[in-house]
Amino acid sequence: MTTLTEPVPVPGHIPPEAVYDFDLRFDPGLLANPHERVRELLREAPPVFWTPRNGGRWVAIGHREIFDASRDPEHFSSSPMPKAEMEALMASLPADMPRIPQAVPILMDPPEHTRYRAPLQGSFSPKAVQARKESIRELANELIDAVVADGHCDFIPAVAEPLPVRIFLRMMGLPEARLPEFRDLVHEFLAATLSSDIEAALMGRKVADAMLDVIQARREDPQDDLISLLWATEIDGRPMTLELMEDYAVLLFIAGLDTVINGMGFGVRHLAANPELQAQLRADPSLIPDATEELLRRYTFTIPVRRVAQAVELGGWQMLPGDWLALYLPGADLDPREYESPEEFTLKRQGKAHIAFGAGVHRCLGSHLARVELQVLYTQMLERLPPFRLDPQRPAKFHSGNIIALDSLPLRWD
Ligand code: HEM
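Residues numbered from 1 in each chain as written. Predicted model: local features only at pLDDT ≥ 70, side-chain atom pairs only at ≥ 80, totals over all residues. Heavy atoms only, no water.

- The name recorded for the chain in an unreviewed UniProt entry is Cytochrome P450, from Mangrovimicrobium sediminis.

Structure, rendered in structure tokens:
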């Protein structure tokens, strides 16, 4: 049995009606069947509530409230502390301490955020991503073909993890022989983010160190990869620095791996539980892009966090500077005030876009790449595997934190 995090006392500005006890990491319902528990939350709790768990924080689960907060960086900041405090903290660190990379621009607010996001934009445009599609397909096929004859696999370690990591290595220009090392780094990074902020920051250094040799080599000898492309960009007319290269490299590692792994996991879990949907998509693969979007909505899984920077009202509650707010996107995409029958998987859902990639200035920069990775994976799975199903003997396992994640997803086929 997992233990819940210790509750903290309710601060004076939080009215009792706003309090709902929900542990974002260890809630037993969430770990047993995550999105069913999210639907229960939407029935039981207000669209925005305050939980005494996880250090005490607001949690927005309503679509409208999440959308509004995401588009208001003045009140809901992405930076973990005010700029002056951050500068004072940095200045107080011993000079010989290894530099801790910052995940720019995801932890910045406008106008700074805009300047640091711009250099990445071109590399993740629909056109740039389309150019990578065949290489993604080739990597997916290799992984699927390696398990076909077995009649079973644990989808997470067999395909969902190595595929995005291999794509990442290829994009960054890192040798594919380093796959095991980078898979270990993903695991370590995840464990660190679940344990403490300090562990996560130190892990950022380790991730940057793993890429440092290639980052330095590409400065003198550019190749056809993202690291070389970033070296060639300028910010405010100033040339790129080694520090900023580390920051971008760590950002892409954090933002682009664990996310796709779980997107694939939840999508394939739904397909495995629904043989008639598999049959429909096999018969007409042109439906796969629509299915991909509806799977992203039905099983939204990331939970970005904001710091309240100025007093503000959200969902009818007064929030004060220093409060924390979790934007519980899985709730937004299952909100019955926004979607008709949100629990149903509806291939041709009309009119409403999902919020799985967030909203506002931080909306996912890698959404086109993520979509292509997911679409290619579903296409190749359906083409190369016979009808596959969940393994009744070994149910899927989950964990939770800033993301609802799958640890294991055993599948079988005849
Ligand atoms: C299904 C997969 C993915 C999902 C669900 C997802 C989701 C998100 C969400 C919700 C945000 C907003 C975070 C916030 O508001 O604080 C975000 C930001 C971001 N994502 Fe993704 N993401 C995915 C894949 C990727 C990939 C493949 C990449 C690229 C390698 C990527 C790169 C980024 C970056 C760079 C940001 C920060 C943008 C900014 O701060 O302006 N993501 N993502």
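**Section: the pairing of strand S2 (residues 57-60)**
- In S2, alternate side chains face the same way, and those of Arg57 and Val59 on one face and Trp58 and Ala60 on the other are all buried.
- Pairing analysis gives 4 bridges linking strand S1 (residues 48-51) to S2, with the strands arranged antiparallel. Directly across from Trp50, in S2, lies its bridge partner Trp58.
- Turn length for the S1-S2 hairpin, with the two strands adjacent in sequence and antiparallel, is 5 residues, and the turn residue Asn54 shows positive phi of about 55°.
- As judged from the 3 bridges shared by S2 and strand S10 (residues 324-327), these two strands associate in the parallel manner. Within S10, the position partnered with Val59 by the bridge is Ala326. (Buried < 20%, exposed > 50% of the residue type's maximum accessible area, 1.4 Å probe, protein only. Helix = DSSP H or I, 4+ residues; strand = E, 2+ residues; numbered from the N terminus. Pairing = 2+ DSSP bridges.)

**A look at the site of the ligand**
- Near the ligand lie 25 residues; those nearest to it are His113, Arg117, Arg306, His362 and Cys364.
- Within the contact set of the ligand, an oxygen atom lies 2.7 Å away from a side-chain nitrogen or oxygen of Arg117.
- A distance of 2.6 Å separates an oxygen atom of the ligand from a polar side-chain atom of His362.
- Ranked by residue count, the leading element in the shell around the ligand is helix H13 (residues 242-256), at 3 residues. (Near = heavy atom within 4 Å. Polar contact = N/O pair within 3.5 Å; in protein donor to acceptor, adjacent residues only side chain to side chain.)

**Regarding empty space enclosed by the protein**
- In this structure the tally under the stated criterion is 1 cavity of 30 Å³ or more.
- Size it by volume and the largest cavity reaches roughly 50 Å³.
- Contributing to the lining of the largest cavity are Gly263, Phe266, Gly267, Thr292, Leu295, Leu296, Tyr299, Phe301, Leu374 and Tyr378.
- Residue assignment for the lining of the largest cavity shows that the elements contributing at least two residues are helix H14 (258-273), helix H16 (288-298) and helix H18 (367-384).
- Its residues assigned to classes, the lining of the largest cavity shows 7 nonpolar, 3 polar and no charged. (1 Å grid on protein atoms, 1.4 Å probe; cavity = no way out; pocket = protein on both sides within 12 Å on 5 of 7 lines; lining within 4 Å. Points joined across faces, edges and corners; volume = space filled by probe spheres on them. Nonpolar A, V, L, I, M, F, W, Y, C, P; charged D, E, K, R; others polar.)

**Points about the packing of aromatic side chains**
- Tallying each qualifying case throughout the model produces 10 aromatic pairs.
- Judged by centre distance (6.4 Å) and plane angle (45°), the ring pair of Phe168 and Phe182 falls under tilted. Taken as a pair, Phe168 in helix H9 (residues 162-172) and Phe182 in helix H10 (residues 179-195) lie far apart in primary sequence, 14 residues in all. The residues Phe168 and Phe182 share a single accessibility class, namely buried.
- Taking 6.2 Å as the distance between ring centres and 5° as the angle between the ring planes, the aromatic pair formed by Phe266 and Tyr299 counts as stacked. Of this pair, Phe266 sits in helix H14 while Tyr299 sits in the loop between H16 and strand S7 (305-308); the two residues are 33 residues apart in sequence, bridging distant segments of the chain. Across the pair, exposure class does not vary: Phe266 and Tyr299 are buried alike.
- Ring-pair connections join several aromatic residues into one group, and the members of that group are Tyr20, Phe22, Phe49 and Tyr328.
- For Arg297, the ring lying beneath its charged end belongs to Tyr339, and the centroid distance is 5.2 Å.
- When the ring centre of Tyr299 is taken as origin, the NZ or CZ atom of Arg298, which lies over that ring, is 5.0 Å away. (Phe/Tyr/Trp six-rings, centres within 6.5 Å; stacked < 30°, edge-to-face > 60°. Lys NZ or Arg CZ within 6 Å of the ring centre and 35° of its normal.)

**Side note on helix H2 (residues 34-44)**
- Residues of H2 that are buried: Pro34, His35, Arg37, Val38, Leu41 and Leu42. Around the axis of H2, the buried residues are gathered within 150° of arc, so they sit on the same side. (Arc of directions from axis to C-beta.)

**A few points about the side chain of His399**
- Here His399 lies in strand S12 (residues 397-400).
- Among the polar contacts listed, one links the side chain of His399 to the side chain of Asp407, at a separation of 2.6 Å.

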